[in-house]
Every structure is written in structure tokens, then in C-alpha cells.
Amino acid sequence: MDADRTPKLVGTVWGLLVLNTLGSTGAETVVPLPRSLIQMVTMGALVAAFSLALALNLRLRVHASAFLFLLTLLLVPSVIASADLQSGFGALFRCARLALFVGTLWLLSRWWDGGPTFVRHHIRMYFLVLCTVAAGVLVSPGAAMPDLYGGRLVGALWPLTPPQIGQYAAVIIGLAVLLVLGGRTDRRSAALVIVPSLVLLLLTHTRTATLGLLVGLTLAIGSLTLTSAAARRFFSWAVLCAAVAAVVFASALQEWFLRGQSEENFSNLTGRAKVWDALLAAPRTLGDKVFGMGLGDKSFDGLPIDNSWLAVYHEQGLIGVGLVAAVFVTLGGVALLRPPSLARACAIFLIGYCALASYTEAGLGDASPYLLHLAVAASLLAQPAAAAPLPVPDPPRRRVPRWARTSEVT
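Residues numbered from 1 in each chain as written. Predicted model: local features only at pLDDT ≥ 70, side-chain atom pairs only at ≥ 80, totals over all residues. Heavy atoms only, no water.

Draft legend 1. Fine view of empty space enclosed by the protein. One pass over the full model with this rule turns up 1 cavity of 30 Å³ or more. Empty space within the largest cavity amounts to approximately 30 Å³. Taken together, Lys298, Ser308, Ala311, Val312, Glu315, Gln316, Gly363, Leu364, Gly365 and Asp366 make up the lining of the largest cavity. The residue inventory of the lining of the largest cavity, partitioned by class, reads 3 nonpolar, 4 polar and 3 charged. (1 Å grid on protein atoms, 1.4 Å probe; cavity = no way out; pocket = protein on both sides within 12 Å on 5 of 7 lines; lining within 4 Å. Points joined across faces, edges and corners; volume = space filled by probe spheres on them. Nonpolar A, V, L, I, M, F, W, Y, C, P; charged D, E, K, R; others polar.)

Written out as C-alpha cells, the structure is:
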């Protein structure tokens, strides 16, 4: 198999990784799905992804990656903290899952060459997930927008929460917009992805995903404005439309953004701040502070942490926080050092989105969609492997007649 060509089955591996990170908790589905069955499917998808990636890369050729090296180091505090079983046997199971997840990314890194291959896989797979969400709306609108979630869009066929759907929609919208600006896809194909995804994003009423999309696109397009006329035109029109919308639809936008919450509830981020204060105030030993409590379900006293940095601190300690920070510093630093390009812009969008979302969403310390987003960014920033030099044939030896091979001096 030619190492320079990406096999089509790599897209299948990526889809299995996406399936693994969908999770097993969320809204009630039209057809009740036992959580054990969902966990069996998601874990089976990870095992299948690793096995298929290994079959595609039997020679274990990998691309040198600081991002993957840092994720591998993240396993160290995870295993150390999980070994004493403070979080139960489930912590060791999650460590094994993270190890398989990172191992699969290592095997796929062979095909990280700075091209848009994994961007396209990312868009296709998450668009398929959003298609199941849209199908759920058609099958059962009541189950897709239940009162339990305040009428926000959820997954009615597969248990997905509004923040999950909003995240997937925002990421593929941003990537599709950048592909259009970079001339890597036509406007019609992009519109088929962007328009329905934008509708689903609005129906989720997810503020984090919306802000992440706007901030990420601003950073990404800003990095292209000096070299791309299309990016400059898009940026100018986007600023003009945003200014007009802010004036004309100010009240409607404010109502959508507040989601009917009181000022007190909005100020403490829907109760998140109370959980964060309690987590930071909880007594911890020196070992707990350094290595954490072990991989868990990203909750504290039964309540979701909803902050990647505090979740990593709680589960993987200060070492984990330092490693996750090093991931952002490394990827961000490499992106800034690269010359302006579409690959750089897509990477900046993904890095910016994940950085903003980390404040109100957890997942940077475990196998999650956020690590997949950052893996795509790492693939875009990877330098293509240098081609092996062609062997130079030896120059033809000149035939010397026998009478000339020896000479006598007289």
C-alpha cells in the first residue's frame, strides 16, 4: 500500500471513533435503548476502530506528533490516580478506553500530512449524526424537543443532549465555511451542510456552541484576510450583517440568548458556578492535588462539572491540567508559526472553538469529541513526510581491453 495515499477505510475508522465519543446518556429516545446496550455499541466501535487501524498500519508507521505525545503522557496521572480505585473499577476501564483511543490516533497519524482529508471525514461523520437528529424531529417532534429540556432540541433516536448537538453543528458549519473560502468545495455542497446544521444549532439554544462558532470563525478568517480576497469579502459582509442584526433583532437575540433564565441563574452559569466552588473547596490530599481522583464521569457530588479544566484537575490533578495546557500551547504555537493557508485557518478554528468551549464543557482529559477536534487540528498542522530519495545507479564501468590492463616499463 502506498504510504502517501490515504486508504478509504481510514474514514471508517474515524467514523467509529466518532461513534465511540457520542456517549450513552442524554434524552429519552423514541425507542428506549438500554444504557448497557449503548455502552456495548460505543466500546465495540472503539475496539473495531483500533483493530481496523492496526490492520491498515501493520508496520506501525506513525507521524511524530507532540500532540499525541502529550496525550500519551496524560495516561500516566490517569492510571496512577485510578489505581487506588477511589472512583471504582470504572476508572480503570476508562483508562483502558483512553489508551485505545490514543493508540488509534497514533496509528492514524501515518496519514497526517497537512491536507484536508480528516477535515472532510470529520464533516461527513458529524453530518450523519445530525441527520439522525433531524430524522428524530420528523419521527417524533415531541420527543425531539421535550419540556424537560425547555423545548431545546435533543436526540430522539440516539440519546444526545442539546450541547452535544450544538457542538457538532457548530464545528461542521465552521469547517464547511472555511472550505468554501479556500476553494476546496463548491457553494452548493457547502450549503447542503451549513443550512440544515445552522437550523439545528438554533433549535438547541446552545450559547457555548454559538459563541465558539463565532469566535473560532473570526480567528480563522482573520488569519486569511492578508492572503485571501474571498476571506476579506466574507469578513466584511459578516461584520456588516452582524451589526444590522444586532440593531434590528436585538430583543429577539437577547431572548434567545437568555433562554428565559433569571439574571441570577444566568450569572452563575445555570448553577455551574456553585458546583465549581464546591469542587475547589473540597479537601484533598497532596496526591489528589497532583494526580487527581481517577477518571470518572466528569461529575462532582452527582452534579456535572461542565468545565474541562476543573474536570481534569478533579480527575487527573495538576499534572493533567499542565499537560492539557501544553496541548493548547503547542498547537496554538505551531499554528501561529505556519504561513497563512486554509489548513492553518481550519486548525485555528478548531483550537479556538475547543479553548472557548472548555470553560463550560468537559472532555479535554478523556476520549471525547473535543480530542477528535484537536486531532484534526494536529493533522492539519503536520508537515508531510519527506519523500525518500531515489537510488542513484552506479555509473557504468568502462571496459578496459586485456592488453591495456598491465603495462611493462622498459
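Draft legend 2. Structural detail: the environment of His314. Following the sequence through the fold, His314 ends up in helix H15 (residues 308-337). Owing to a relative accessible area of 11%, His314 belongs among the buried residues under this scheme. It is 6.1 Å that separates the C-alpha atoms of His314 and Met293, two residues lying 21 residues apart in sequence. The residues touching His314, leaving out its near neighbours within four places in the chain, are Leu279, Arg284, Gly292, Met293, Ser299, Phe300 and Ile305. (Helix = DSSP H or I, 4+ residues; strand = E, 2+ residues; numbered from the N terminus. Buried < 20%, exposed > 50% of the residue type's maximum accessible area, 1.4 Å probe, protein only. Contact = heavy atoms within 4.5 Å.)

Draft legend 3. Layout of the pattern of salt bridges. Enumeration according to the criterion identifies 3 salt bridges in this entry. The partner of Lys298 in a salt bridge is Asp366, with the nearest N and O atoms 3.0 Å apart. On the criterion of sequence distance, the pair formed by Lys298 in the loop between helix H14 (286-291) and strand S1 (299-300) and Asp366 in the loop between helix H16 (342-357) and helix H17 (369-381) is long-range, its members being 68 residues apart. The network of salt bridges with shared partners includes Lys298, Glu315 and Asp366. (Salt bridge = Lys/Arg side-chain N within 4 Å of Asp/Glu carboxyl O.)

Draft legend 4. Structural context of helix H1 (residues 9-20). Compared with an ideal rise of 1.5 Å per residue, which puts 12 residues at 16 Å, H1 spans 17 Å between its outermost C-alpha atoms and is within 8% of the ideal. Of all 12 residues in H1, 9 are buried; the element is thus mostly enclosed. Summarising the contacts, the buried residues of H1 are in contact with helix H2 (35-56), helix H4 (89-108), helix H5 (117-139) and H17. (Expected span 1.5 Å × (residues − 1).)

Draft legend 5. Region of interest: the layout of surface pockets. In this structure, the second largest pocket spans a volume of roughly 930 Å³. Those elements giving two or more residues to the lining of the second largest pocket turn out to be helix H7 (162-181), helix H8 (187-204), helix H9 (207-222), helix H10 (229-248) and helix H11 (250-258). Residue composition of the lining of the second largest pocket, grouped by class: 22 nonpolar, 2 polar and no charged.

Draft legend 6. Representation of the packing of aromatic side chains within the structure. Counted by the stated rule, this structure contains 5 aromatic pairs. With a centroid separation of 5.3 Å and an interplanar angle of 70°, the aromatic rings of Trp14 and Phe118 are classed as edge-to-face. Of this pair, Trp14 sits in helix H1 while Phe118 sits in helix H5, placing them 104 residues apart in sequence. Neither Trp14 nor Phe118 differs from the other in exposure class; each is buried. Summarising the aromatic geometry, the rings of Tyr126 and Tyr168 are spaced 4.7 Å apart at their centres and angled 25° between planes, so their arrangement reads as stacked. In this pair, Tyr126 is assigned in helix H5 and Tyr168 in helix H7, connecting sequence segments 42 residues apart. By the burial criterion, Tyr126 is buried, and Tyr168 matches it. (Phe/Tyr/Trp six-rings, centres within 6.5 Å; stacked < 30°, edge-to-face > 60°.)

Draft legend 7. Seen up close, unusual backbone geometry. Here Leu60, not a glycine, exhibits a phi torsion of approximately 55°, which is positive. Relative to the helices and strands, Leu60 resides in the loop between H2 and helix H3 (66-82). On the accessibility criterion, Leu60 (53% relative accessible area) is exposed.

Spatial relationships are all this shows, so hold off on functional conclusions.
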